[in-house]
Amino acid sequence: MASEATAREAQLQALRYQLQPHFLFNTLNAISSLVVSKQPERATEMIAKLAALLRNTLSFPEAHLVTFREELAVTEEYLSIEQVRFGPRLAVSLSVSPEASEAQVPRFLLQPIVENSIRHGIARCPNGGEVSITASVIEGKLRIDIANDHAEGLMHSGDEGNGLGLANTRTRLEKLYGEQGSVTVSTAQNNRFLVSIQFPLTTASSIVS
Amino acid sequence: MNIRVLVVDDEPLARVGITTRLSAYSDMLVVGECSTGEEARAKIPQVSPDLIFVDVEMPGISGLDLLRELPREQARCIVFLTAHEEYAVDAFNVEALDYLLKPIDDERFAACIERARRMLALHRQEANFERLYGLLAFADKEDNRGVIKRFPVRRGNEFTFVQVGDVDWIEGLGDYAGLHVGGRTHLVREPLTSLEARLDPAQFVRIHRSTIVQVEHIARIDPSANRDAVLTLRDGKTLRVSRTYRSRLDELLR
């Protein structure tokens, strides 16, 4: 029951983000620009992406666990919208092992963290930067790293939005995995902001059996 | 007359939206595009735009900060672009011309362009007037003793002249002076003190820090408390004489 409530919470959080003027109205403005500059294919493509993202967030599937592959697909949809908005300022790199790809993860786990890394990281870098997502399985645990460049002298760990996002993620992992789940934040490597998530590996087949 | 436009937004497509819409207006000439506030700060003095479209939320210095630090003459016509309604008050405080919400509404955009045209036409008229006024004032104002003969004044968009002999009294209004002529007031852009230096001292007399009167138009002077006095003009207007200037007045009237 408790994990269901936190799943609902995560869904609300994702929805709240997507309906924020920062994301929604700027995305609609980008679409409007594509229309007035006579680029209908790009406009309809972006409308479809936005619709897919909102549809996924608004849907109420039975399972609050999905495969990492599915969770990543939605995040990629979101990232491709942001890439149209930011242009060459936003670089994305993904590296996911096949094993990690099939791992079960809480729905909406990835999105809020990636959204934060863009909103508080890349969006504040005049020359842009990279968001990288890596996932692998190490010693029976799934490990997901989300790293992003950040503007000189600007650390976003103190930001309200980011703090709240991570607090929700932490609570959720704790309810699902107890002490086996963890979220850590660091800025060590190459002055990049890094969020690392770890929890025990489960797959769809292991849950059924 | 072309209007020089600068577009400042960190999102490339947001700039495309503005420049594409502007291309429908033949008088709108895009002279530059910037993706950050820093870039715009360097560009503005180079291209001297008449009209600037600027995003509020940008990395580094925001659109609002940029405007706060620009000299007023470089930022007369500013239109803010933003997805957020809550910046409207700040935009108002930096005297923005307009505030467009994203996504841009075409009708609203057209109204904004109309507003910018009107505003810039007024600026130009004002600048032309200043130039013309300067010429007239220079060519005509003084006789060979350096004394003003007549004032060029503006009534709406027309120039007229006020003969010095018709002026009843002159009121100091900071950088301006008000010429009171038969019940009308004309503003001239000159502080009272520098104006006084160019008036015939036999014809005009200072009676107060902010008042000069035409000697011929004085009807009477009555003493009042504190060694001040009250002066009445021919038309019945009463003015205060401060004691600082009392002796000079007495001298003239002797």
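All of these numbers come straight from a predicted model, not from anything done at the bench.

**Q** Got a sec to walk through the packing of helix H4 (residues 68-86) of chain A against helix H6 (residues 110-121) of chain A? Specific residues and values, please.
**A** Residues and elements named next belong to chain A. Running from amino to carboxyl end, H4 crosses H6 at an angle of 25°, the nearest separation of the two axes being 9 Å. If you check the angle between H4 and H6, you find them roughly parallel. In terms of crossing hand, the pair formed by H4 and H6 is right-handed. For the pair formed by H4 and H6, the contact residues are Phe68, Glu71, Leu72, Val74, Thr75, Tyr78, Leu79, Glu82 and Phe86 on the first element and Leu110, Gln111, Val114, Glu115 and Ile118 on the second. A class-by-class count of the residues in the contact of H4 with H6 yields 9 nonpolar, 2 polar and 3 charged.

**Q** Talk me through the nonpolar core; I want residue IDs and the actual numbers.
**A** By size, the foremost hydrophobic cluster in this structure holds 45 residues, and its most contacted members are Ile144(A) and Ile197(A). In terms of residue count, H4(A) provides more of this core than any other element does, 7 residues in total. Not counting the four nearest positions on each side in its chain, Ile144(A) is found in contact with Phe68(A), Val105(A), Leu109(A), Leu110(A), Thr134(A), Ala135(A), Val195(A), Ser196(A) and Ile197(A). One finds Leu6(B), Val54(B), Val56(B) and Ile61(B) within the second-largest nonpolar core, a separate group that totals 21 residues.

**Q** Tell me about the sheet that holds strand E6 (residues 182-186) of chain A, and name the residues and values.
**A** Residues and elements named next belong to chain A. If you trace the 5 strands from one edge of the open sheet to the other, you get E2-E4-E5-E7-E6, paired in mixed fashion. At either end of the open sheet lies a strand with only one pairing partner, and these are strand E2 (90-96) and E6. Pairwise comparison of adjacent strand axes, ignoring direction, gives a mean angle of 10° for this sheet. Judged from the 5 bridges that link them, E6 and strand E7 (residues 193-200) form a sheet pairing that is antiparallel.

Calculation criteria
Residues numbered from 1 in each chain as written. Chains lettered and ligands numbered in written order. Predicted model: local features only at pLDDT ≥ 70, side-chain atom pairs only at ≥ 80, totals over all residues. Heavy atoms only, no water. Axes fitted to C-alpha atoms, helices over the stretch in contact; angles between N-to-C directions. Helix = DSSP H or I, 4+ residues; strand = E, 2+ residues; numbered from the N terminus. Parallel < 35°, antiparallel > 145°, perpendicular 65-115°, else oblique. Left-handed = near helix turned anticlockwise from the far one by under 90°. Contact = heavy atoms within 4.5 Å. Nonpolar A, V, L, I, M, F, W, Y, C, P; charged D, E, K, R; others polar. Core = buried A, V, L, I, M, F, W, Y, C linked by side-chain atoms within 4.5 Å. Buried < 20%, exposed > 50% of the residue type's maximum accessible area, 1.4 Å probe, protein only. Pairing = 2+ DSSP bridges.

Read these as layout, nothing more, since geometry by itself doesn't imply function.
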